[in-house]
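Here are the chains, one letter per residue:
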Number of protein chains: 2
Amino acid sequence: MSDPATRNRSRATADMVARTANVSRVAVSRAFNPHASIKPEKRDLILKVAQELNYTPDMAARSMVTGRSHLVGIIVPDVSGPWESQELDAMTTALQAEGFATLLFRTRDDLSLDETLLTYMKGFNPDSVIAYAENVRPTTLARVLDRAVPIYIGYPDEDVGEEEAAPLFDRLDVLQREGIEQAVALMQGYGARRFAFLAGKSNSLATQSREHMVRKVIAERGLPPPIRIQGDYMYDTAYRETLNQFRLGEPVDAIFAANDVGAFGAIDALRTELGLRVPQDVKVVGFDDIHQSHWKSYNLTTVKLDLAERTQALMRLILRRLKNPTSPSLTETVSTRLVVRGTVG
Amino acid sequence: MSDPATRNRSRATADMVARTANVSRVAVSRAFNPHASIKPEKRDLILKVAQELNYTPDMAARSMVTGRSHLVGIIVPDVSGPWESQELDAMTTALQAEGFATLLFRTRDDLSLDETLLTYMKGFNPDSVIAYAENVRPTTLARVLDRAVPIYIGYPDEDVGEEEAAPLFDRLDVLQREGIEQAVALMQGYGARRFAFLAGKSNSLATQSREHMVRKVIAERGLPPPIRIQGDYMYDTAYRETLNQFRLGEPVDAIFAANDVGAFGAIDALRTELGLRVPQDVKVVGFDDIHQSHWKSYNLTTVKLDLAERTQALMRLILRRLKNPTSPSLTETVSTRLVVRGTVG
DNA sequence: AACAGTTTTGCACACGATTTCAATCTAGGG
DNA sequence: CCCTAGATTGAAATCGTGTGCAAAACTGTT
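Just so it is clear, the structure is predicted and the values come from calculations on it, not from any experiment.

Tell me about the pairing of strand β10 (residues 301–305) of chain B, and name the residues and values.
Look at any regular strand and the pattern is simple: side chains alternate between the two faces of the sheet. Residues and elements named next belong to chain B. β10 sits mainly inside the fold: 5 of its 5 residues count as buried. Bridge analysis of strand β9 (residues 283–288) against β10 gives 4 bridges, and the strand direction is parallel. Residue pairing for β10: Asp288 is matched across the bridge by Lys304. Direction of pairing for β10 relative to strand β11 (residues 331–339): antiparallel, over a ladder of 4 bridges. What sits directly across from Val303, in β11, is Leu338.

Pasting the structure below:
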């Protein structure tokens, strides 16, 4: 049985479909391409036969000639984080709706791994790449990946890290000022005077920008500068460092956390270990508005990054860039706003 | 400039590296294949030139000739769920360490979407597929994917759904009896007599198996059969349905939840809305042991599915199957155990 | 220096699709 | 019935890589 049509290979090919339907292989290709010109009845026949043979075009082969892999690489430092997984969920859903599959990579905190990982990823020829990892710098991304145009997530309220933002990149600008102003105003309105900022990983651009803006807004309102509590976005660290701050350092009126999970850690430290009440004794505000923030045990007042808005903006950037690879750089803007729940007033 | 070597294409190819290094293209291929025979000095030269040219072998082209895509498809119903994202994180890390990239897909609850999604995924030729989605049945998987051998996750304590487990599949057997026995014993020891089982999505095999086993163990200990509270693994539903049970139905001593997130919803309903104390008035046990379960506000006693153990078992199945595609079906077994925290005694 | 045995090399083909281009078919008006 | 514009068709080239096979180069032994 050397006849390729009868050889029982593991996967049906266009050739087999063509043989079975008595058409040319080219016709099979056309039947699966909506824009190709082929007689409708012929297409229907081919599609029917294809289904019977359980045939699907091979993306690898297709990708070689079209130059489109229909893959979008996503790089995340910790998939299991609530915010990260919720964003990954939204992006995967949106990408899937546009016919892309998500190629997922996880970074270690180890910076040196970056190049290896990016080089490896590049082998898959992703049509686009989204790096949520704070340790993957867009300049590195641009250097290693030659086809994709990275999306730079910027915080134009402040000029943190702007040196990296060459005009070459597409940008997603996040306006954090509004949400932060509302949060500080609310806490001050309920009597808070002595603030702490519970930071995230210190190499995180998002954290740096948030801290910058929080300090600025607090200063503008004539309040003393906030005390800095070093965290890393994780619950356990936030819990421990909050404890340290109140036991060894100076207690505060209000805690502004760089993310919601950190806020949970702070709240639990205050309530469980220090016997303080939230919000009566200490007010707490978080950042992100993850699903868990409305859980009744926390019921956290937090600055919301609108996930749907953010996802749509990213999709617009990706799709426009794919449609016109040589167009000048694009920018989308999303904003933040305070979601008021029970941890302030 | 029609010379392909000088044409400034977006991506370096093996040809360009060969031209630049004055070697044959085959040599380049061998330089990147650890098992190929090539003079060491030559390999070093090629790798150096390749790095300068920022060259990486094209996985699509490689996949066509080797038949290995180095992709593993993962199908998840909701990436943002804590358990799902934690398992996805662990699997992605493990796969990456073995040289595989994760190809992520998300299902809707809509069952009809399955075939379309699977057919689409098949186009990428994944070397293996892991479907965590309860609505993707292994028989469907086996029919649509022709190369991969699905892994069937079974619960041999009970015979729920066994009709689907053809001997054709590789299996991961989860022994739930031990953890459940410990949990029921602990709650009974602290005086619980009237149980409720807070179920997950009813089409979930895991839930059916857990409920079966919980009922059996409770019966064996001479306790009245548990009341059923219908949930769907989500916080909000658990919260609402627990409220309904206590307000409109019959109160209970103890709640055994089908997953941790559901347990959180139940706890918050009891404490916040019903004014009951956990564990003094009602004991609560969950299932999974996600990161959030040790957060102090919940401090949940729960039946642990060991993620590391589970991930390693899955990796063994995948790797052995890939090494020997025709070997008879394999089985790995993992067990469960109770993690005692503060919601029982 | 000749020989056998091993390592290294490169040609040519295969993998499974898309796309160009010239040839063929179809429809409709004169 | 003929002619032309437009719609379909299929042969051949192409994408970037791995591999079988025969030839060449190298190794060390007598």
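I'd like a rundown of the packing of aromatic side chains, residues and numbers included.
Applying the stated criterion to the full structure yields 20 aromatic pairs over all chains. Seen from their ring centres, A:Tyr120 and A:Phe124 are 5.4 Å apart, and the 85° between their planes marks the pair as edge-to-face. Taking the centre distance of 6.4 Å and the plane angle of 90° together, the rings of B:Phe105 and B:Tyr120 count as edge-to-face. Within this pair, whereas B:Phe105 is found in strand β2 (residues 101–106), its partner B:Tyr120 is found in helix α6 (residues 113–122), the two being separated by 15 residues in sequence. In this structure B:Phe105 comes out as buried when scored by relative accessible area, which is 0%. On the basis of relative accessible area, B:Tyr120 is assigned to the partly exposed category, the value being 23%. Following the ring pairs from residue to residue traces out a cluster consisting of A:Tyr235, A:Tyr239, A:Phe264, A:Trp295, A:Tyr298, B:Tyr235, B:Tyr239, B:Phe264, B:Trp295 and B:Tyr298. Sitting above the plane of the A:Phe287 ring, A:Arg210 keeps its charged end 4.0 Å from the centroid.

Outline the environment of A:Gly179, listing residues and values.
Residues and elements named next belong to chain A. Residue position: Gly179 is located in helix α8 (residues 177–189). Residue Gly179 is classed as buried on the basis of its relative accessible area of 0%. Taking C-alpha positions, Gly179 is 7.4 Å from Lys304, a pair spaced 125 residues apart along the chain. What Gly179 contacts, discounting residues up to four positions off in sequence, is Val303, Thr336, Arg337 and Leu338.

Which residues make up the side chain of B:Arg43, and what values go with them?
Residue and element names in this part refer to chain B. Following the sequence through the fold, Arg43 ends up in helix α3 (residues 40–52). As a buried residue without a salt bridge, Arg43 has its nearest oppositely charged side chain in Asp44, at a separation of 6.2 Å. Filtering out sequence-adjacent residues up to four positions away, Arg43 remains in contact with Arg30, Ala31, Asn33, Pro34, Ala36 and Ile38.

Tell me about the protein's contact with DNA strand C, residues and numbers included.
Taken together, the neighbourhood of DNA strand C is formed by 26 residues, with A:Thr13, A:Ala14, A:Ser29, A:Asp58 and B:Arg30 sitting nearest. Backbone sugar and phosphate groups make up 54% of those atoms of DNA strand C lying within 4 Å of the protein. Between A:Tyr55 and DNA strand C, the recorded distance is 3.0 Å, taken from a side-chain N or O atom to a phosphate oxygen. Here a phosphate oxygen of DNA strand C and a side-chain polar atom of B:Lys42 are 3.0 Å apart. Secondary structure elements with two or more residues in the surface near DNA strand C: α2 (25–32) and α4 (59–66) of chain A together with α2 (25–31) and α4 (59–66) of chain B. In terms of residue class, the surface near DNA strand C is built from 10 nonpolar, 7 polar and 9 charged.

Rules behind the numbers
Residues numbered from 1 in each chain as written. Chains lettered and ligands numbered in written order. Predicted model: local features only at pLDDT ≥ 70, side-chain atom pairs only at ≥ 80, totals over all residues. Heavy atoms only, no water. Buried < 20%, exposed > 50% of the residue type's maximum accessible area, 1.4 Å probe, protein only. Helix = DSSP H or I, 4+ residues; strand = E, 2+ residues; numbered from the N terminus. Pairing = 2+ DSSP bridges. Phe/Tyr/Trp six-rings, centres within 6.5 Å; stacked < 30°, edge-to-face > 60°. Lys NZ or Arg CZ within 6 Å of the ring centre and 35° of its normal. Contact = heavy atoms within 4.5 Å. Lys, Arg positive; Asp, Glu negative; His and termini not counted. Salt bridge = Lys/Arg side-chain N within 4 Å of Asp/Glu carboxyl O. Near = heavy atom within 4 Å. Polar contact = N/O pair within 3.5 Å; in protein donor to acceptor, adjacent residues only side chain to side chain. Nonpolar A, V, L, I, M, F, W, Y, C, P; charged D, E, K, R; others polar.

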